[in-house]
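For reference, the chains in residue letters:
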Amino acid sequence: MKPVKEAEGELAPVRSLNPADVLDQLAQSRAEIHLLKAELSAMRQQDPITGLPNRFRLQDRLEQATQLATRGNHYAALLYITIDRFETMAQTLSFRDMDELVRQMAKRVGAPLHLGDTLASLGGDRFMILLPTVHDPFEPSRVAQSVMDALRIPFRVGSRHLHFTASIGISLFPQDGGDAITLFQHAESAARRASSEGGNRIQCTTATLSEAFLERRELESYLGEAIAAGGLKLNFQPLAAADGRLLGMEALLRWEHPLLGVVPPSKIIPLAEENRLIHPLGEWVLRTACREAAAWQALSPKPIRLAVNVSAFQMAHPQWVDLVAKVLRETRLPAFCLELELTESSLLKQGSPGAGPIHELKRLGVRISIDDFGTGYSCLSYLQRLPIDTLKIDRSFVQGLHPESLEEAASPIIQTILSLGSHLGIDVIAEGVETEAQRTALEGMGCKTFQGYLLGRPMNGEAVMNLLEDSQIVAFNELFNQR
Ligand code: C2E
Ligand code: MG
Ligand code: MG
């Protein structure tokens, strides 16, 4: 039937050409071609080992998901999953075992998914999950956590049991990008960050997940729980003399939420101030810090100062001074070791507690420090009216000391603050000292006390104890004129 060349140099005879048959044949061939094309296209959109959608199919679905999310006014999430140390482990396996392992992994990664979610393979140990409809802001992190848990159970390949952990990056539509490519890139780089921080962790792209997503009320209730259930921590950052010797420590609040990640104090404090959680929070900070600092004194022949940040709302509470007195009694920390840090702006803003509590605290023997000094744009007369012990030069001034002009000690503001301190008999600490050049320049201007990454980063209580065992402590009355 086929009018094609059947033998070298000869055409097959064309016999009984029935037009109906020809049409039939043509139709059949077209259908076959169509089927082949479909198969080819499916293969192009499928991972050959796992049979899962590949990156191209995922991209289509992600585009659809972003359109749906916009119309439905919800979110869509993309999870990028890589297996930690996969390459190293894979080198010890045969190709067959490696394929088997990847298939098992795909099964585990897909287990927590629901109808409508997509699991895709990017080849080898890399997978992606698309959650097209996200209403609850924690849902992507929860799915990621289930995937991590599923992957942690040992894999059996041949006669071996293999242990793995995963690094997962999450990006969210529309917060982290308005199109598929950007979302993809963000999820991938978040996963890379998770992996470079040691792996076995989830990293969200949205640095301010809480801000972007969470109802304020939810964050408040998490914070309330954290205060009650011990979910908060304190770090301590050294205050040091010019030669690096330790004089004291500033307590800094830390909150690491299992799903939100690290929530910085700059978010916690304003939130707590708005809903009065600042009072239980401030009490917890004060009591915990004083308890730790009392233990430091026992390790050292000379007193070590503890600086605690205090919000204007705390100072304005009618029982604040009584609370400070009570905590000092309870913890047996000598009052002169405690220095309360108030920001200049909080001290002077409307509705601030005024001078009363500051004088009462002084009567207890507690020291008062002005934090972020120079940023409050204020009239300085309060320095004469209030019994201030310390001024902390804001780190923006210190970091404004440019390396090229350091020898000229280029900051008139820093010089002014130092000479103000010296005339009024107030100690001055430079905050945010990061380089030796900055420290030298500050010392040249007459600064005697420093705080910043150069002298020491914030550390946990245990690290402070270790440091104290090694350090030579300088009593601050040796360095400063006692007032
Ligand atoms: P602050 O009291 O001025 O504390 C210094 C901040 O600068 C800390 O940030 C510290 O980690 C950071 N820092 C220290 N040295 C360097 C440096 O060399 N370079 C740079 N770039 N940064 C440095 P953190 O812990 O994020 O605290 C931010 C602010 O939150 C604090 O500023 C303080 O005002 C407030 N805060 C922290 N803990 C508490 C607390 O328990 N209660 C209250 N009311 N406020 C707190
Ligand atoms: Mg401070
Ligand atoms: Mg400060």
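For the structure itself, consult the block above.
Presented here is a report on the structure given in the accompanying data block. None of the values given here were measured: they were computed from a predicted structure.

Section: the sheet that holds strand β5 (residues 126-134)
Then, in step 1: Read across the sheet, five strands follow the order β4-β5-β3-β8-β9 without closing on themselves; strand pairing throughout is mixed. Lying at the two open borders of the sheet, with one neighbouring strand each, are β4 (118-121) and β9 (201-204). Pairwise comparison of adjacent strand axes, ignoring direction, gives a mean angle of 20° for this sheet.
Then, in step 2: Two elements, β4 and β5, share four bridges in a ladder whose sense is antiparallel.

Regarding the coordination of the magnesium ion (ligand 3)
Then, in step 1: At 2.0 to 2.6 Å from the magnesium ion (ligand 3) lie its protein donor atoms, namely Asp 371 (OD), Asp 372 (OD), Glu 431 (OE) and Glu 431 (OE).
Then, in step 2: We note that the donor set of the magnesium ion (ligand 3) lies within a single chain, spaced as D-D-x58-E.
Then, in step 3: In this structure, the magnesium ion (ligand 3) lies 4.2 Å from the magnesium ion (ligand 2), and both are coordinated by Asp 371. Of this pair, Asp 372 sits in strand β15 (residues 367-373) while Glu 431 sits in the loop between β17 (427-430) and α18 (436-444), placing them 59 residues apart in sequence.

Describing the pattern of salt bridges
Then, in step 1: Applying the stated rule across the entire model yields 13 salt bridges.
Then, in step 2: Measuring nitrogen to oxygen at the nearest pair gives 2.8 Å for the salt bridge that ties Arg 287 to Glu 330. Of this pair, Arg 287 sits in helix α10 (residues 278-299) while Glu 330 sits in helix α12 (residues 320-331), and the two are 43 residues apart along the sequence.
Then, in step 3: For Lys 392, the salt bridge goes to Glu 431, with nearest N and O atoms at 4.0 Å.

Side note on the environment of Arg 305
Then, in step 1: Looking at the element boundaries, Arg 305 is found in strand β13 (residues 305-309).
Then, in step 2: Among the residues examined, Arg 305 registers a relative accessible area of 2% and is labelled buried.
Then, in step 3: Here the alpha-carbon distance between Arg 305 and Pro 238, two residues 67 residues apart in the chain, equals 9.8 Å.

Some points on the site of ligand 1
Then, in step 1: Inspection of the region around ligand 1 gives 24 residues, with Glu 250, Asp 371, Arg 395, Glu 434 and Tyr 453 positioned closest.
Then, in step 2: One of the side-chain nitrogen or oxygen atoms of Glu 250 is found 2.8 Å away from an oxygen atom of ligand 1.
Then, in step 3: The separation between a nitrogen atom of ligand 1 and a polar main-chain atom of Leu 253 is 3.1 Å.
Then, in step 4: Protein chains shield 83% of the accessible area of ligand 1, which is 790 Å² for the free molecule.
Then, in step 5: Elements with a contribution of two residues or more to the shell around ligand 1: β11 (246-257), α9 (265-274), β15 and α16 (395-399).
Then, in step 6: No other element matches β11, which puts four residues into the shell around ligand 1.

Points about the packing of aromatic side chains
Then, in step 1: This model, assessed by the stated rule, comprises four aromatic pairs.
Then, in step 2: Ring centres of Tyr 80 and Phe 184 lie 6.4 Å apart, and the angle between their planes is 85°; this geometry places the pair in the edge-to-face category. Here Tyr 80, found in strand β3 (residues 75-83), pairs with Phe 184, found in helix α6 (residues 180-196); they are 104 residues apart in sequence, far enough to count as distant. Of the two residues examined, Tyr 80 and Phe 184, each falls in the buried class.
Then, in step 3: For the pair Phe 155 and Phe 164, a centre-to-centre distance of 5.8 Å together with 70° between the ring planes defines the contact as edge-to-face.
Then, in step 4: According to the relative accessible area criterion, Phe 155 is buried, its value standing at 0%.
Then, in step 5: Accessibility expressed as a relative area gives 3% for Phe 164, which makes it buried.
Then, in step 6: Here the aromatic cluster, defined as three or more aromatic residues joined through ring pairs, consists of Phe 86, Phe 155 and Phe 164.
Then, in step 7: Here the basic side chain of Arg 108 rests over the ring of Phe 155, its NZ or CZ set 3.8 Å away from the ring centre.
Then, in step 8: Positioned above the aromatic ring of Tyr 453, the side-chain terminus of Arg 457 is 3.8 Å from the ring centre.

Regarding the coordination of the magnesium ion (ligand 2)
Then, in step 1: Of the protein atoms, only Glu 250 (OE), Asn 309 (OD1), Glu 341 (OE) and Asp 371 (OD) coordinate the magnesium ion (ligand 2), at distances of 2.0 to 2.2 Å.
Then, in step 2: Taken in chain order, the donor set of the magnesium ion (ligand 2) reads E-x58-N-x31-E-x29-D.

Cut-off values and rules
- Residues numbered from 1 in each chain as written.
- Chains lettered and ligands numbered in written order.
- Predicted model: local features only at pLDDT ≥ 70, side-chain atom pairs only at ≥ 80, totals over all residues.
- Heavy atoms only, no water.
- Pairing = 2+ DSSP bridges.
- Helix = DSSP H or I, 4+ residues; strand = E, 2+ residues; numbered from the N terminus.
- Axes fitted to C-alpha atoms, helices over the stretch in contact; angles between N-to-C directions.
- Donors = N, O, S within 2.8 Å, 3.2 Å for Na, K, Ca; no water.
- Salt bridge = Lys/Arg side-chain N within 4 Å of Asp/Glu carboxyl O.
- Buried < 20%, exposed > 50% of the residue type's maximum accessible area, 1.4 Å probe, protein only.
- Near = heavy atom within 4 Å.
- Polar contact = N/O pair within 3.5 Å; in protein donor to acceptor, adjacent residues only side chain to side chain.
- Areas by Shrake-Rupley, 256 points an atom, 1.4 Å probe, with all protein chains shown as cover.
- Phe/Tyr/Trp six-rings, centres within 6.5 Å; stacked < 30°, edge-to-face > 60°.
- Lys NZ or Arg CZ within 6 Å of the ring centre and 35° of its normal.

The quantities given are spatial measurements derived from coordinates; they are silent on function.
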